[in-house]
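Residue-level listing of the chains:
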Amino acid sequence: MMSRATLCLFFVIATSGLVCADDATKFSDDQITFFKTEVVELLTDNCLKCHAGESPKGELDLTTREGILKGGESGTAVDLKNHAESILLTAINYDSFEMPPTGQMSPKQIKTLTSWVRMGLPWPTDLHEIEFEMEVGPPPVNDDTKQFWSFQPVQLPRPPKVADSGNNAIDAFIRHRLTDAGLRPSPSAEPRELVRRMHYDLLGLPPEPADVKRWVARISAADGELIQSGVAELVDHLLESPHYGEQWGRHWLDLVRYAETNSYERDGAKPHVWRYRDYVIQSFNDDKPYDVFVTEQLAGDELKEPTPDSIIATAYYRLGRWDDEPADPKLAFYDDVDDIITTTSQTFLGLTVNCARCHDHKIDPIPQRDYYRMVAFFKNVRRYGTRGNESVLDASVMPIDRPADTDKYRTALTRYENDTKDAERHLKKIEQVIWDDLQDVEKEDFQFDMNRVPIVAKREGTLLKAQQVKTYRKQFSRLQQLKANKPSGLADALCVKEDVRNIGPTYILARGNPHAEGEEVTPGFPSVLSPPEAVIPELPEGATSSGRRKVLAEWIGSPANPLTSRVMVNRIWQHHFGRGIVRTSSDFGFQGARPTHPRLLDWLAAKFVESGWSVKDIHRLIMSSAAYQMSSRPNAQCYDVDPTNDLFWRFDMRRLSAEEVRDSLLWANGSLNADKMFGPSIYTDIPAAVKAGQSRPGSGWGNSSPEDKVRRSVYIHVKRSLLDPLIESFDFADTDQTCPVRFVTTQPTQALGMMNSEFIQQQAEIFAQLLKQKTDSAEGQVTLALQRVMQRQPTPDEVTRGLKLMETLKTKQKLNDDQARKYFCLVALNLNEFMYLD
């Protein structure tokens, strides 16, 4: 076997017989130089990772001229008589094979290799040795590879000492790196900017202008600094909102390739899959410990005492695509398992274990054997179905909370009513203590659930003891949970099921071919992490599952696992700062990016576990830091040294996500139905021309009530073959595979959709009507519109420009007042300040 570190490929030309005597005279010095300076590097970088060594792929060895002319399984790589037909050239042009498979070479590179072939493959003929350096094969699993940063146990590092340590330890780590680079962090954001930023980050919605004013007053000090106690109060206030789970649940749905249909030609609906979405939203609202959250999704049915929630959570296995008429059923089964391996390893561990399906991982120390040992955990999971809805109901649907008879249901309903009354009694008892102390504005705010806990918590240490506030939080959360899970008679859930009667062995498949079984393997964890052996329990009498997935879930959720906590806190950081401490947030392997602040990442991971895996505690840590509270404004010195902001010297501004754009449009014009949460998904209006792109136009797309059509975007039906046009154009998540990062694009359909679409025209009309209802004054209408769009008081110049626009529309375009107002609203909804977050 060849060592990994470096494989030196020597071309000893004159004595090796690689070039015959006749060839020696036909290559000029310029051609040989061209080969050495241009071709060698191209072959090394693009071809030799596969086509070199003892067993080159396709039996094609590109390390020698002789090997190129001899060719491989598909024949000679270069035809010296008919250059254009050479497989090497057709492959790099993607006209036959597609080489390299990682992406086509640039036109310049293709031209270089084409010129080399046309010259007749110039090759050196003297005794000089030409050395290619390349890495071949995956790094072996040994003590050296186990020293890689992400494979090390998580430690709690001591924050470095810096002259200005900021607000907490996060700032010490950030500012230590900035000091080393000779840079200073940006000043704090303006209070108004911070209030808006925090609302969008945690809720995905803008703050009401009155809320901006109130919170700005609470967090602003006379000297211009931020009052950190006020900031902490605002964070807690937002974390208590039920809309928090809608925003952060959507981030999780991206990772688990959430969609509500099966893809392929029919793209049929997945029954009851929306319950999984609701489970995720409620889990974030409840701050469910992350290790529990992981375990419920991977093995909720295998818990000692499964609950309806834990059963619903296993719909995780049913979110992927499903081919209901595969040409090769056995291959389709392994494709399904591969989808689970891919999602599980990347989402929870940040490892691309799936790359070892057909061979040892080319980059990471993950042998093919480890891939199939992981397959063994899922081998008994039944396919989503075989063909048709009945097969799906049998393989993937089961009742939850289904009463055996009417009496049982009535008993459950009575218990619900009694529990609700009990929770309300506890809440009312504490509310009576503080009611007379509330200001009028607080009494108004108290009508809304999202405000109740923060208002009560403000009285801790004065009217209320800490234990009373804790009781209030607990009973309030209990009441919300009860309301979300009111017994409703019959209820079914999409979930995982196993075939425990036919537990068979798992084999390594040669080149991933399900019909080429090799060595038998048992369930096991990636060996590079030095894990314990996977101990699979004996099957008890009457078991409905093997217990294997619970073993995997417990290992993933263990504090000793070096990846789980690091990966999750990095994702939380990513959604606050726009990118993770590790930019490749689902790849912590050798090919992934290295952490820009490794000690900060470990500090956060250790704190995460220490907090009981509380996601909300990590929010509090991050958002209380001066790093998070920085302005997004650049300065020349820092920009010159660190233009990509690797050191976090400022806060990166961002465009609103697809859901935030739509929800903000509806919020601005007052039509957003944010109060209705959970339940079956809703259908927006999609133009017939868009539906025509389906194999069966409009199939599977319903017609919701007007009230439902304006609910939050997280509740829109996610049909793989037909997405809401506005949502899709603003870079909605890829639903076919795990999506750790949404890439932000700028494309014509976004501008067209925001100016010309039927949807935006309707929303501008509704916005104009709202303004007319609020005030008869044109100046007042412009002012109110800009307030709702920008969440700040517009300047006199901005109001004047708005008035001038409406006047111009009336005088030059001959529009009436209502029409001019509508088009002013259309412009307002397209302002950069509406679309971007400082």
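Rules used throughout
- Residues numbered from 1 in each chain as written.
- Predicted model: local features only at pLDDT ≥ 70, side-chain atom pairs only at ≥ 80, totals over all residues.
- Heavy atoms only, no water.
- Helix = DSSP H or I, 4+ residues; strand = E, 2+ residues; numbered from the N terminus.
- Rg over C-alpha atoms; globule rule 2.2 N^0.38 Å.
- Buried < 20%, exposed > 50% of the residue type's maximum accessible area, 1.4 Å probe, protein only.
- Contact = heavy atoms within 4.5 Å.
- Areas by Shrake-Rupley, 256 points an atom, 1.4 Å probe, with all protein chains shown as cover.
- Lys, Arg positive; Asp, Glu negative; His and termini not counted.
- Charge placed at Lys NZ, Arg CZ, Asp CG, Glu CD.
- Expected span 1.5 Å × (residues − 1).
- Polar contact = N/O pair within 3.5 Å; in protein donor to acceptor, adjacent residues only side chain to side chain.
- Core = buried A, V, L, I, M, F, W, Y, C linked by side-chain atoms within 4.5 Å.

Quick look at the overall build of the protein chain now. Of the regular secondary structure elements, the protein chain holds 35 helices and eight strands. Computed over C-alpha atoms, the radius of gyration of the protein chain comes to 31 Å, within 12% of the 28 Å expected from 2.2 N^0.38 for 838 residues, which places it in the range of a compact globule. When the backbone C-alpha atoms are referred to their principal axes, the protein chain occupies close to 100 × 75 × 65 Å. Residues classed as buried in the protein chain amount to 52% of the 838 residues present. Taking all contacts inside the protein chain whose residues are at least 6 apart in sequence as the whole, residues at least 24 apart take part in 71%. In the form shown here, the protein chain has an accessible surface area of approximately 38,400 Å², with 51% of it arising from carbon and sulfur atoms. Taking the average place of the 101 positive charges on the side chains of the protein chain and the average place of its 120 negative ones, the gap between the two points comes to 5 Å.

Here the focus is helix H6 (residues 169–180). An ideal rise of 1.5 Å per residue puts 16 Å on 12 residues; H6 measures up with 17 Å between its terminal C-alpha atoms. Residues of H6 that are buried: Ala-169, Ile-170, Asp-171, Ala-172, Phe-173, Ile-174, Arg-175 and Leu-178. Those residues of H6 that are buried lie in contact with helix H22 (564–577), helix H23 (598–610) and helix H24 (615–623). Between the side-chain oxygen of the N-cap and the backbone nitrogen of Ile-170 there are 3.0 Å, and the N-cap of H6 in question is Asn-168. Immediately downstream of H6, the backbone of Gly-182 shows phi near 75 degrees, a positive value.

Here we take up the nonpolar core. In a soluble, globular protein the nonpolar side chains are often hidden away together inside. Formed by 170 residues in total, the largest nonpolar core has its most connected members in Trp-252, Tyr-276, Phe-378 and Trp-573. No other element matches helix H14 (residues 329–349), which puts seven residues into this core. Excluding residues within four positions of it along the chain, Tyr-276 makes contact with Trp-252, Leu-253, Val-256, Tyr-258, Gln-297, Ile-312, Ala-313, Ala-315, Tyr-316 and Leu-319. Ranked by size, the runner-up nonpolar core spans 24 residues in total, among them Phe-34, Val-39, Leu-60 and Ile-92.

The phi torsion at Leu-121 lies on the positive side, around 60 degrees, for a residue other than glycine. Examined against the element boundaries, Leu-121 turns out to sit in the loop between helix H5 (107–118) and strand S2 (129–134).

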